[in-house]
Each structure stands twice: as structure tokens, then as C-alpha cells.
Amino acid sequence: KAELLVSWFAQPPQIPDYSEETKEHYEYVEDEIASVIEMKRDYEMSEYPSVFEWHQGRITEDEVTKALRHISSYKAQGFDNIHKQMIKNGGQSMIDSLVLLFDWSYSIGYMPKSWKMENIVPIPKPYRDHSICKNYRPIALLSGVGKLLERIITMRLVWYLNEHQMLHYSQAGF
């Protein structure tokens with residue numbers, strides 16, 4: 001059964017087979033988006049020169065503390081085997097270490113591979129035949145440390161988008 005699940009989840013997702021008309025439409029949309037982005041890039045960069053100082057600045061203790069409040073202590077650890085409860089209960093020395101680590105990672109634009117690694121766990125869908133592979137849902141258990149840095153970056157990005165009213169009022173996702 002384990003080998004069957006491994007072979008099922010190891011297959012990459014299949015790309016849908018589009019008709020020529022659909023391909024042309026997607027290419028047209030991609031070209032339009034690229035041209036709009038190119039036209040607005042210089043304008044946006046010159047319009048908000050002072051904004052880049054904060055959201056691209058050093059990661060602070062306050063940001064790490066806020067991010068720590070949002071992680072659940074009771075979720076499973078990821079590939080790195082660092083439990084989230086250990087991170088939350090690590091005290092000031094843990095926060096200081098995370099600030100140093102995240103600031104270094106963010107400033108050089110590097111995220112360690114171990115923070116991106118995951119354990120894939122198949123969870124059976126309720127009320128389904130568990131002998132069939134498609135009746136399992138793959139759950140990725142990610143690194144808690146990596147998730148904290150991602151949350152800090154997300155908070156900065158959301159702040160920037162809200163501050164400059166760059167999200168459309170009907171935006172329902174990210």
C-alpha cells in the first residue's frame with residue numbers, strides 16, 4: 001500500500017491539453033500583462049521612493065514576535081524536525097537568534113533548502129475507500145522556521161499593498 005501511495009504522489013501534475021484557440025488566448029493574455037507591467041514599472045518605482053526603506057529594511061524583533069503569535073504550537077513539525085512549540089517557548093534568546101537568522105537570510109535573498117523541504121503525509125478522505133490512492137489528500141509538513149520567515153515577508157507585502165491601495169476592492173485572495 002505504501003509503494004502504491006508513493007507512486008501515486010510522485011507523479012507530477014499533468015498539463016491540460018489545450019486547443020490551439022485556447023493557447024493563443026493565454027499567450028495574448030500573458031503578452032498584455034507583460035506590457036502593462038513594463039509600462040507601469042518605472043512609474044511605480046518613482047512614485048514611492050521612501051517606501052522601500054521600511055519594507056525592504058532589517059527584520060525586527062517586533063516582526064518576529066508578531067509572527068510567533070500566529071503559528072500554532074500544536075501542528076506537526078516539518079522536515080527539519082523542529083517543533084513549533086519549541087520555537088514559541090524558546091524565550092528571548094530564541095527571538096534574538098531568529099531575528100539574526102531571518103535578517104541575514106532576507107538581506108542576502110537566500111532561504112535555506114531545509115526550510116523549503118517538506119514531509120508529504122497522505123491523509124485519507126473521510127467516508128471513502130482507503131484502498132484507492134485518489135481517496136487520499138497529500139499534506140505537506142513544512143519547516144516552522146521557514147514558515148515564520150514567510151509570514152514576516154507576507155506581513156510586509158500586505159502592508160505595502162494596503163498602504164498604497166494596490167489591491168482591487170474585489171480581490172478575494174492573494
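Just above, that's the structure.
A. Inspection of the overall build of the chain at higher detail. Scanning the chain for helices and strands turns up 8 helices and 2 strands. Within the span of the chain, comprising 174 residues, buried residues form 22% of the whole. Across the chain, every contact between residues at least 6 apart in sequence was considered, and the portion connecting residues at least 24 apart equals 62%. Put simply, the chain shows about 13100 Å² of open surface, and 57% of that area lies on carbon and sulfur atoms.

B. Representation of helix α8 (residues 144–163). Between its first and last C-alpha, α8 extends 28 Å over 20 residues, near the 28 Å set by a 1.5 Å rise per residue. For α8, the side-chain oxygen to backbone nitrogen distance between the N-cap and V145 is 3.3 Å, and the N-cap itself is S143. Following α8 by one or two positions, Q165 adopts a phi angle in the positive range, close to 45 degrees.

C. Structural view of the environment of M155. Mapped onto the elements, M155 comes out in helix α8. Judged by its relative accessible area of 27%, M155 falls in the partly exposed class. Separated by 88 residues in sequence, M155 and A67 have C-alpha atoms that sit 8.6 Å apart. Filtering out sequence-adjacent residues up to four positions away, M155 remains in contact with E63, K66 and A67.

D. View of a nonpolar patch on the surface. A cluster of nonpolar residues, L101, W104, I108 and Y110, forms a patch on the protein surface that exposes about 390 Å² of accessible area. On the secondary structure map, L101 appears in helix α6 (residues 91–108).

E. Spotlight on the side chain of H164. Counting through the fold element by element, H164 comes out in the segment after α8. Here Y160 takes part through its backbone oxygen, which lies 3.1 Å from a polar atom of the side chain of H164.

F. Here's a closer look at the nonpolar core. Residues V64, L68, L98, F102 and L148 are the most contacted members of the largest nonpolar core, which totals 16 residues. If you list the elements that add at least two residues to this core, you get α4 (61–69), α6 and α8. With residues up to four places along the chain from it excluded, the contact list for L68 reads I87, K88, I95 and L148.

G. Representation of the side chain of S105 in the model. For S105, the position within the fold is in helix α6. Take S105: its relative accessible area is 2%, and that puts it in the buried class. Once residues within four sequence positions are removed from consideration, S105 is found in contact with Y110, M111, P112, W115 and L149.

H. Layout of α4. The set of residues buried in α4 consists of E63, V64, A67 and L68. The arc that holds the buried residues of α4, viewed along the axis, is 135 degrees, so those residues lie on one side.

I. Layout of the pattern of salt bridges. Summed over the entire model, instances satisfying the criterion amount to 3 salt bridges. The salt bridge involving D103 is made with R58; its shortest N-O contact spans 2.7 Å. Taken together, the positions of D103 in helix α6 and R58 in the loop between α3 (51–55) and α4 put the pair 45 residues apart, joining distant regions of the chain. A relative accessible area of 64% means that R58 is categorised as exposed. In this structure, D62 engages K66 in a salt bridge whose closest nitrogen and oxygen atoms are separated by 3.5 Å. Pair noted here: D62 and K66 are both in helix α4, with a separation of 4 residues, about one helical turn.

Thresholds, definitions, all that
- Residues numbered from 1 in each chain as written.
- Predicted model: local features only at pLDDT ≥ 70, side-chain atom pairs only at ≥ 80, totals over all residues.
- Heavy atoms only, no water.
- Helix = DSSP H or I, 4+ residues; strand = E, 2+ residues; numbered from the N terminus.
- Buried < 20%, exposed > 50% of the residue type's maximum accessible area, 1.4 Å probe, protein only.
- Contact = heavy atoms within 4.5 Å.
- Areas by Shrake-Rupley, 256 points an atom, 1.4 Å probe, with all protein chains shown as cover.
- Expected span 1.5 Å × (residues − 1).
- Polar contact = N/O pair within 3.5 Å; in protein donor to acceptor, adjacent residues only side chain to side chain.
- Patch = residues over 30% accessible without salt bridge, like charges linked within 9 Å, V, L, I, M, F, W, Y side chains within 5 Å.
- Salt bridge = Lys/Arg side-chain N within 4 Å of Asp/Glu carboxyl O.
- Core = buried A, V, L, I, M, F, W, Y, C linked by side-chain atoms within 4.5 Å.
- Arc of directions from axis to C-beta.

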